[in-house]
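# Structural overview
Take a look at the letters that make up each chain.
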Amino acid sequence: MKAELRYRALLLGNDEFPREPELFPELAGPPTDVERLREALTDPERGLHRPEDVIVHRNLEISPMREEIEMFLHDGRPGDQLLVYYSGHGWTEEDGELYLCTRDTTRRAIQATTMSAADLARQAQASRATAKIVVLDCCSSGNYRFKGPVPGRVFNGRGVAALTSSQPDRPSRDADAPGRPSQFTGHLVAGLRGAAQGRDGYLILSDLYDYVYERMTAEGAIRPTYHNKLVGLVALGRARTVRGPAADPGRAAERLRAAIELETVNRAAAVRSLRELSGDGSSSWGILAALRLGELATADGDDATAVKAYAKVVAAGDPRWAAEAAYRQGSRLAAMCDIDRAAEAWRQAVDLDDLRWSPAAARELGRLLCGAPATAPAGLGYYRQALATLDDPGLTLEAGDALRAVGRHADARALYRRLANRPDPPWPGIGAERLTGLPSPTAAPTGR
């Protein structure tokens, strides 16, 4: 985080929809949502935004809303951190596209009277600002990251993060009474006000999401989503840093060894000790305690604890363990069927460029993304990254089959031949069998 960043925000709250009152009933939350968020962002103690850098609009019609968003993002410059927030009704079409409703939205002209998430995503990606954060509190807000009709396509704007109030095609919860915030924004504001734990004096976006996620899942089935392609850490506020006496490295090492020895005789006590030690994420011993806690929790089937433990290791940023933790975090999230967050964790592992764990994460991403036609090209790219490092016949077979599935027979043939030429059974036989199943290569055409 750089102190010279300029923090700017555009907050949009739409609660009145008079042209379609039955389809889009009046909402209780948006007026309070934008006001509470403005207060949190500009709070003298916690906030990073100057009051003059926070723009608030309520009940805009489509033309001024589009204009406000476009100008706000277009005017962003390097050194700016931009936040675009919307609270209101969200509408999705059959193709999964998300539309943000305005005061004059009508079903008969839904595309002309709403702001599409695809347009917002493109404008955010094109903005020259250093970081762009999109926060949506509306039904089906998780569809924001989709840019087409195929579910599972991941938003990929570099320098952009999206934090949304619900999973794809799922509702969001309005305020339970006028004057109160919606469920999602209420927890968001509480986190900004100090309820969420920060680091080094700042409240990082991913830490704020973790806080909101924990609170919302504890209250019911609605879960927020978070996706990012940000470079470095991004702060949304200041956090009170609680510091105790300086840790004694020798004592920490001794406690870690004692906790590991406890694993076979008193598992619960070992977990408690590791959890306590992992609270010191700035030290090597704290990081190792978090890594071991993740391993124990995984073995015990406690994926939620494992994910949190591995997240601490990743956040510490130590190159010795961060890639491994990101890979393991992705695996546990996948086991929890939280595929989008799993993919994000694996991408982090790939980006960390670790000789062992980055190729392994690339392989997982290849498997995941090749499962849908729209994301298959990206999946094949990750398979290629993994193959550049790993001499693994199973990986070679997977990648060849993925290439064959999309009709890239020449590339698949090259990988199957690699298998057929291996000296270790059963791979030569498998490679030869796959080769016979491919269409015969045709002669190159002559002439123009």
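Residues numbered from 1 in each chain as written. Predicted model: local features only at pLDDT ≥ 70, side-chain atom pairs only at ≥ 80, totals over all residues. Heavy atoms only, no water.

### A word on the environment of Leu-380
Along the polypeptide, Leu-380 turns up in helix α13 (residues 376-387). For the pair Leu-380 and Ala-402, spaced 22 residues apart in sequence, the C-alpha to C-alpha distance is 7.3 Å. Ignoring anything within four residues of it in the chain, the contact list for Leu-380 reads Cys-370, Ala-402, Leu-403, Val-406 and Arg-408. (Helix = DSSP H or I, 4+ residues; strand = E, 2+ residues; numbered from the N terminus. Contact = heavy atoms within 4.5 Å.)

### Structural notes on helix α15 (residues 409-420)
Here α15 spans 16 Å end to end across 12 residues, near enough to the 16 Å set by a 1.5 Å rise per residue. The complete set of buried residues in α15 reads Ala-412, Arg-413, Leu-415, Tyr-416 and Leu-419. Looking straight down α15, one finds its buried side chains confined to an arc of 170°; they lie on one side. (Expected span 1.5 Å × (residues − 1). Buried < 20%, exposed > 50% of the residue type's maximum accessible area, 1.4 Å probe, protein only. Arc of directions from axis to C-beta.)

### Details of the pairing of strand β1 (residues 6-13)
The side chains of a regular strand alternate between the sheet's two faces. For β1, the tally of buried residues reaches seven of eight residues, placing the bulk of the element in the interior. Across eight bridges, the pairing between β1 and strand β3 (residues 80-87) is parallel. Bridge pairing links Gly-13 to Ser-87 in β3. In this sheet, strand β2 (residues 54-58) lies alongside β1 in parallel orientation, the contact comprising five bridges. Residue Ala-9 lies in a different strand from β2, and its bridge partner there is Val-54. (Pairing = 2+ DSSP bridges.)

### Looking at the pattern of salt bridges
For the coordinates displayed, the defined rule picks out 31 salt bridges. For Arg-50, the salt bridge identified is with Asp-53, shortest N-O distance 2.9 Å. Using a relative accessible area of 5% as the deciding quantity, one classes Asp-53 as buried. The partner of Arg-422 in a salt bridge is Asp-424, with the nearest N and O atoms 3.0 Å apart. (Salt bridge = Lys/Arg side-chain N within 4 Å of Asp/Glu carboxyl O.)

### Some points on the confidence of the model for the protein chain
For the protein chain, the mean per-residue pLDDT works out to 85, and 90% of the residues sit at or above 70. The low-confidence segment residues 241-247, where pLDDT is below 50, has four contacts with residues more than four positions distant or belonging to other chains. With pLDDT under 50 throughout, residues 443-448 is counted as low confidence; its partners more than four residues away or in other chains account for zero contacts. (pLDDT = per-residue confidence, 0-100.)

### Regarding helix α14 (residues 393-405)
For α14, with 13 residues, the first-to-last C-alpha span of 18 Å sits near the 18 Å given by 1.5 Å per residue. Taken as a whole, α14 has its buried residues at Pro-393, Gly-394, Leu-395, Thr-396, Leu-397, Ala-399, Gly-400, Ala-402 and Leu-403. Along its buried surface, α14 packs onto α12 (357-369), α13, α15 and α16 (427-436). N-capping of α14 is provided by Asp-392, with a side-chain oxygen placed 2.8 Å from the backbone N of Gly-394. Phi for Gly-407, located one or two positions after α14, is positive at around 85°. (Polar contact = N/O pair within 3.5 Å; in protein donor to acceptor, adjacent residues only side chain to side chain.)

### Notes on the side chain of Arg-413
Checked against the element boundaries, Arg-413 lands in helix α15. Of the side chains with opposite charge, Asp-411 comes closest to the buried, unpaired Arg-413, at an N-O distance of 8.9 Å. (Lys, Arg positive; Asp, Glu negative; His and termini not counted.)

### Structural notes on the packing of aromatic side chains
Each aromatic ring pair is specified by the distance between its two centres and by the angle formed by the two planes. All told, the structure shown has five aromatic pairs when counted by the stated rule. Where Phe-17 meets Phe-24, the ring centres are 6.1 Å apart and the plane angle is 50°; that geometry is what we call tilted. An identical accessibility class is assigned to Phe-17 and Phe-24; each is buried. Aromatic rings pair up to connect Phe-17, Phe-24 and Trp-91 into one cluster. Positioned above the aromatic ring of Tyr-213, the side-chain terminus of Arg-341 is 4.8 Å from the ring centre. (Phe/Tyr/Trp six-rings, centres within 6.5 Å; stacked < 30°, edge-to-face > 60°. Lys NZ or Arg CZ within 6 Å of the ring centre and 35° of its normal.)

### Quick notes on the sheet that holds strand β4 (residues 90-92)
On the basis of which strands lie adjacent, the open sheet formed by three strands has the order β4-β5-β6 and antiparallel pairing. Each having just a single partner strand, β4 and β6 (114-116) make up the two edges of the open sheet. Taken over all neighbouring pairs, the strand axes of this sheet differ in orientation by 35° on average, direction set aside. For β4 and strand β5 (residues 98-101), the ladder comprises three bridges, and the chain directions are antiparallel. (Axes fitted to C-alpha atoms, helices over the stretch in contact; angles between N-to-C directions.)

### Regarding the packing of helix α7 (residues 267-277) against helix α8 (residues 284-299)
At a minimum axis distance of 8 Å, the contact between α7 and α8 shows a crossing angle of 145°. As α7 runs across α8, the sense of the crossing is left-handed. Each of Arg-267, Val-271, Leu-274, Arg-275 and Leu-277 in α7 lies in contact with α8, whose residues at this interface are Gly-286, Ala-289, Arg-292, Leu-293, Leu-296 and Ala-299. Each residue belonging to the contact of α7 with α8 can be placed in one class, and the counts come to seven nonpolar, one polar and three charged. (Left-handed = near helix turned anticlockwise from the far one by under 90°. Nonpolar A, V, L, I, M, F, W, Y, C, P; charged D, E, K, R; others polar.)

### Here we look at unusual backbone geometry
Cis rather than trans, the peptide bond between Pro-425 and Pro-426 has omega equal to 5°. One can find Pro-426 in the loop between α15 and α16. The residue Cys-337 is not glycine, and still its phi comes out positive at about 65°.

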